[in-house]
Amino acid sequence: MPAENTQPKYRQIAEYLRRGILDGTFPAGQPLPSEEALAKQFGVTRPTVRQGLTELRASGLVEVIMGRGTFARSPHSRPSVTRPRGVRRAKDGSYAEADGIQWTEAEEPIATRTDAPLALADLLRIPPGEPMFTYDALQTGEPGRLRQLHRTYVPFSILVGTKYEEEPPPPAPDLYTALTDLGHELHFTEYLRPRMPLPDQAQALRLPEGVPVLTILRVTLNEHDKPLALEEFQLPGDDLELAYPL
């Protein structure tokens, strides 16, 4: 005789749905059984069902769409967007992202002065607190379907003795051309990690509850491996994959 399940009912519901999502019983993108059906199946009230669904939302396995219901999200399903990563240089000397997406900025980026925090100073190999030019942009692509947050940092020390001592350099990707014009040969290194978004980031990227962001730090280096600039990309992590050539 199987042992009695002593877990709280809401966790039994969450585990039942979790197994069904992972084994394909509830395919990604398809609605889950209604709250009423689950309440009847488990002999509980609808608030208890909602408590179980809250656990799954926090783990990113379900999405609630107002007026339509609760839908499964499978971690094994292929995402709808694949973005090649990298920077390409055109014949005219300009630079562009390898994904070929035309990004539109919600507002024109304006250079502000910030001081380098310890983590970024380490990547840029500059003293913590060194002043930097910083640009922030909320960008949309493919008629607003794609969104990303893009921040660019350029240390003041990189610009000593250049015309950009008197005026801020342009934001990326025009920044790459500006650095090339100063005599640098550029290459890039990216660092990628997932994390949960801050509230303002979740709002700007329109992320459902439980969806992480992919944080990409791109360091621009010259031919001597000296870091010249750093960019920070925040990308939705629910229906996206990144492709890197090796």
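Refer to the structure presented above.
What you are looking at is a predicted structure, and each value in this text was computed from that prediction instead of being measured.

**With respect to helix 3 (residues 46-58)**
Every α-helical turn comprises 3.6 residues, leaving residues that sit three or four positions apart pointing alike.
Next up, step 1: Helix length check: helix 3, at 13 residues, gives a terminal C-alpha distance of 18 Å against a target of 18 Å (1.5 Å per residue), a fit within 8%.
Next up, step 2: Listed in full, the buried residues belonging to helix 3 are Thr48, Val49, Gly52, Leu53 and Leu56. Down the axis of helix 3, the buried set is contained in an arc of 140°. They therefore lie on one face. Helix 3 presents Pro47 and Ala58 as exposed residues on the side facing more than 90 degrees away from its buried surface.

**Section: the nonpolar core**
Next up, step 1: In terms of nonpolar packing, the biggest core is built from 16 residues, with Ile13, Leu17, Ile21, Leu32 and Val49 touching the most fellow members.
Next up, step 2: Those elements that provide at least two residues to this core are helix 1 (9-22), helix 2 (35-42) and helix 3.
Next up, step 3: The leading source of residues in this core is helix 1, at four residues.
Next up, step 4: Once residues within four sequence positions are removed from consideration, isoleucine 13 is found in contact with Leu38, Phe42, Val44, Thr48 and Val49.
Next up, step 5: If you look at the next biggest cluster of nonpolar residues, it comprises 14 residues, including Tyr95, Tyr164, Leu175 and Leu228.

**Remarks on unusual backbone geometry**
Phi is mostly negative for residues that are not glycine, and the peptide bonds are mostly trans.
Next up, step 1: Cis geometry marks the peptide bond from alanine 172 to proline 173, where omega comes out at 10°.
Next up, step 2: Of note in this structure, arginine 206 is not a glycine but carries a positive phi near 60°.
Next up, step 3: Following the sequence through the fold, arginine 206 ends up in the loop between helix 6 (199-205) and strand 11 (213-221).
Next up, step 4: Assessed through its relative accessible area of 62%, arginine 206 is described here as exposed.

**Some details on the pattern of salt bridges**
Next up, step 1: For the structure on display, the rule yields twelve salt bridges.
Next up, step 2: Taking the shortest distance from any N to any O, the salt bridge between glutamate 231 and arginine 218 comes out at 3.9 Å. Taken as a pair, glutamate 231 in strand 12 (residues 227-236) and arginine 218 in strand 11 lie far apart in primary sequence, 13 residues in all.
Next up, step 3: Glutamate 231 gets classed as buried once you look at its relative accessible area, which sits at 1%.
Next up, step 4: Given the relative accessible area of 0%, arginine 218 is considered buried.
Next up, step 5: One salt-bridge network, held together by shared partners, links Arg85, Glu97, Glu190, Arg218 and Glu231.

**Topic: helix 5 (residues 174-181)**
Next up, step 1: Every buried residue belonging to helix 5 is among Leu175, Tyr176, Ala178, Leu179 and Thr180, and all of these are buried.
Next up, step 2: Elements in contact with the buried residues of helix 5: strand 4 (87-89), strand 5 (95-97), strand 9 (146-155), strand 10 (187-195), strand 11 and strand 12.
Next up, step 3: Just downstream of helix 5 lies glycine 183, where phi reads positive at about 105°.

**Some points on the pairing of strand 12**
Next up, step 1: With ten of its ten residues buried, strand 12 lies for the most part within the structure.
Next up, step 2: Pairing of strand 9 with strand 12, which is carried by five bridges, proceeds in the antiparallel orientation. For histidine 150, the partnering residue across the bridge sits in strand 12 and is phenylalanine 233.
Next up, step 3: Where strand 11 and strand 12 come together, nine bridges link them in antiparallel fashion. If you follow isoleucine 216 over to strand 12, its bridge partner there is phenylalanine 233.
Next up, step 4: Turn length for the strand 11-strand 12 hairpin, with the two strands adjacent in sequence and antiparallel, is five residues, and the turn residue aspartate 225 shows positive phi of about 60°.

**Here we look at the packing of helix 1 against helix 2**
Next up, step 1: Where helix 1 meets helix 2, the closest approach of the two axes is 11 Å, and the angle between their N-to-C directions is 115°. Crossing hand, helix 1 versus helix 2: right-handed. Of helix 2, the residues touching helix 1 (which contributes Lys9, Gln12, Ile13, Tyr16 and Leu17) are Leu38, Gln41 and Phe42.

**Re the packing of aromatic side chains**
Next up, step 1: Scanning the model with the defined rule gives five aromatic pairs in all.
Next up, step 2: Taken together, a centroid distance of 5.0 Å and an interplanar angle of 70° make the contact between tyrosine 176 and phenylalanine 188 edge-to-face. Within this pair, whereas tyrosine 176 is found in helix 5, its partner phenylalanine 188 is found in strand 10, the two being separated by twelve residues in sequence.
Next up, step 3: By relative accessible area, which is 0% here, tyrosine 176 ends up buried.

**Quick word on a nonpolar patch on the surface**
Next up, step 1: On the surface, Leu192, Tyr244 and Leu246 cluster together into a nonpolar patch covering about 390 Å² of accessible area.
Next up, step 2: Positionally, tyrosine 244 belongs in the segment after strand 13 (240-243).

The rules behind the values
- Sequence order as written defines the numbering, with residues in each chain counted from 1.
- Local features are withheld for residues below a pLDDT of 70 in this predicted model, meaning they are given only at 70 or higher, and side-chain atom pairs are given and counted only at 80 or more; totals for whole chains, interfaces and linings count all residues.
- Where side-chain values are given, they derive from all heavy atoms of the structure, hydrogens and water being excluded.
- Comment: elements are numbered from the N terminus, with helices defined as DSSP H or I runs of at least four residues and strands as E runs of at least two.
- A helix is expected to span 1.5 Å multiplied by its residue count minus one.
- A simple rule labels every residue: compare its accessible area, found with a 1.4 Å probe on the protein chains alone, to the largest value its type can have, and call it buried under 20%, exposed over 50%, or partly exposed in between.
- What the arc describes is the spread of directions from the helix axis to the C-beta atoms.
- To qualify as a nonpolar core, a set must consist of buried Ala, Val, Leu, Ile, Met, Phe, Trp, Tyr and Cys residues joined through side-chain atoms within 4.5 Å.
- Contacts: residue pairs with any heavy atoms within 4.5 Å of one another.
- Here, a salt bridge means any side-chain nitrogen of Lys or Arg that lies within 4 Å of a carboxyl oxygen of Asp or Glu.
- Strand pairing follows a simple DSSP-based rule, namely that at least 2 bridges must link the two strands.
- Lines are fitted to the C-alpha atoms to define the axes, a helix being fitted only along its stretch in contact, and any angle between axes, read from their N-to-C directions, falls within 0 to 180 degrees.
- Two helices that cross are described as forming a left-handed crossing if the nearer one is turned anticlockwise from the farther one by less than a right angle, and a right-handed crossing if clockwise.
- Here a pair means two rings of Phe, Tyr or Trp (six-membered ring of Trp) with centres within 6.5 Å. Their orientation is stacked below 30 degrees between planes, edge-to-face above 60, and tilted elsewhere.
- Each patch is assembled from residues with relative accessible area greater than 30% and no salt bridge, linking like charges that lie within 9 Å and nonpolar side chains (Val, Leu, Ile, Met, Phe, Trp, Tyr) that lie within 5 Å.
- Surface exposure here means Shrake-Rupley accessible area, sampled with a 1.4 Å probe, where a residue is shielded only by the protein chains that are shown.

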